[in-house]
Amino acid sequence: MVKAAFSHVSAWVFDLDNTLYPPQARLFDQIEVRMTQFVMESLKVGRDEADRLRTHYWRTYGTTLAGLMREHGVDPAPYLTTVHDISLDHLEVDAELAAHIRDLPGRRIVYTNGSGPYAERVLTARGLSGLFDAVYGVEHAGFRPKPERAAFEAIFAQAKIDPAMAAMFEDDPRNLAAPHAMGMRTVHVAPAPFEAAHIHHHTDDLSGFLARLL
């Protein structure tokens, strides 16, 4: 039944963080530390206030960067370079996941709220390089972040993707609302399910889920 639900799909869109690698790698722990430090230095505030602002911006605007840009005019380029300068030592090559992604029919892209260069580093560390037709970061959406519909529209226009013929894999439930509204098949990739009308499927094992579609 799951395979039939994806029989029309000819474009496969994957988020990056905690989607194409397991949350246990805890890369975002490193990124959050660097985010907080960037906010402290940029806005001249203490750590507690920087943490509060980081969380507030994420909830209000979709990403910390979006809040910093809109409320403080922060240049996104140094931010993206700084916060993504992390160790990827905890990532392991996943040959099984690579094989299942390679076998998907149609176009395959990565779309992340992180930067394109960071995404490429992660894909290399996971053994997933060369499997995707394109890799898009937040910069390719004009720094508009998911969950904004305009961000998805910008990326899908560049990728020449018809949402009605596409599927979206994402760990953050709110980032599946716009794709669902645009007609995409949505898959929540996370340890625990999140019940919402805009989520069609849930899995805690992306590789296993993809195997069911082939």
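Refer to the preceding data block for the structure.
All figures in this text were calculated on a predicted structure; none of them were measured in a lab. (Residues numbered from 1 in each chain as written. Predicted model: local features only at pLDDT ≥ 70, side-chain atom pairs only at ≥ 80, totals over all residues. Heavy atoms only, no water.)

Topic: the layout of surface pockets
Size it by volume and the largest pocket reaches roughly 750 Å³. What lines the largest pocket is a set of 31 residues, and nearest its centre among them are Asn 18, Phe 28, Trp 58, Asp 171 and Asp 172. Those elements that provide at least two residues to the lining of the largest pocket are α2 (27-43), α3 (47-61), α4 (64-72) and α5 (76-83). A per-element tally of the lining of the largest pocket places α2 first, with 4 residues. When the residues that make up the lining of the largest pocket are grouped by side-chain class, the tally is 12 nonpolar, 10 polar and 9 charged. Around the second largest pocket, the lining comprises 17 residues; the ones closest to its centre are Thr 19, Pro 22, Asp 204, Asp 205 and Leu 206. For the lining of the second largest pocket, the secondary structure elements donating two or more residues are α6 (95-102) and α10 (206-213). (1 Å grid on protein atoms, 1.4 Å probe; cavity = no way out; pocket = protein on both sides within 12 Å on 5 of 7 lines; lining within 4 Å. Points joined across faces, edges and corners; volume = space filled by probe spheres on them. Helix = DSSP H or I, 4+ residues; strand = E, 2+ residues; numbered from the N terminus. Nonpolar A, V, L, I, M, F, W, Y, C, P; charged D, E, K, R; others polar.)

Some remarks on the packing of aromatic side chains
One pass over the structure, following the stated rule, counts 10 aromatic pairs. Judged by centre distance (4.7 Å) and plane angle (10°), the ring pair of Phe 14 and Phe 169 falls under stacked. Of this pair, Phe 14 sits in strand β1 (residues 11-14) while Phe 169 sits in strand β4 (residues 166-170); the two residues are 155 residues apart in sequence, bridging distant segments of the chain. Across the pair, Phe 169 and Phe 14 agree in class, each one buried. Ring centres of Phe 152 and Phe 156 lie 6.0 Å apart, and the angle between their planes is 50°; this geometry places the pair in the tilted category. In this pair, Phe 152 and Phe 156 are both assigned in helix α8 (residues 149-159), 4 residues apart and thus about one turn of the helix distant. Owing to a relative accessible area of 3%, Phe 156 belongs among the buried residues under this scheme. Members of the aromatic cluster, joined through ring pairs, are Phe 6, Trp 12, Phe 14, Phe 132, Phe 169 and Phe 209. The aromatic ring of Tyr 111 is capped on one face by Lys 146, whose charged end is 4.8 Å from the ring centroid. (Phe/Tyr/Trp six-rings, centres within 6.5 Å; stacked < 30°, edge-to-face > 60°. Buried < 20%, exposed > 50% of the residue type's maximum accessible area, 1.4 Å probe, protein only. Lys NZ or Arg CZ within 6 Å of the ring centre and 35° of its normal.)

As for the sheet that holds strand β2 (residues 107-111)
On the basis of which strands lie adjacent, the open sheet formed by 6 strands has the order β3-β2-β1-β4-β5-β6 and parallel pairing. Looking at strand neighbours, the two that pair on one side only are β3 (134-136) and β6 (201-203), the edges of this open sheet. Strand-to-strand twist across the sheet, computed as the mean angle between neighbouring axes with direction ignored, equals 20°. Where β1 meets β2, 4 bridges bridge the pair, whose relative direction is parallel. Paired with Trp 12 across the two strands is Arg 108, which belongs to β2. Sheet strands touched by α8: β1, β2, β3 and β4. Its angle to β2, the strand with the most contacts, is close to 145°. (Pairing = 2+ DSSP bridges. Axes fitted to C-alpha atoms, helices over the stretch in contact; angles between N-to-C directions. Contact = heavy atoms within 4.5 Å.)

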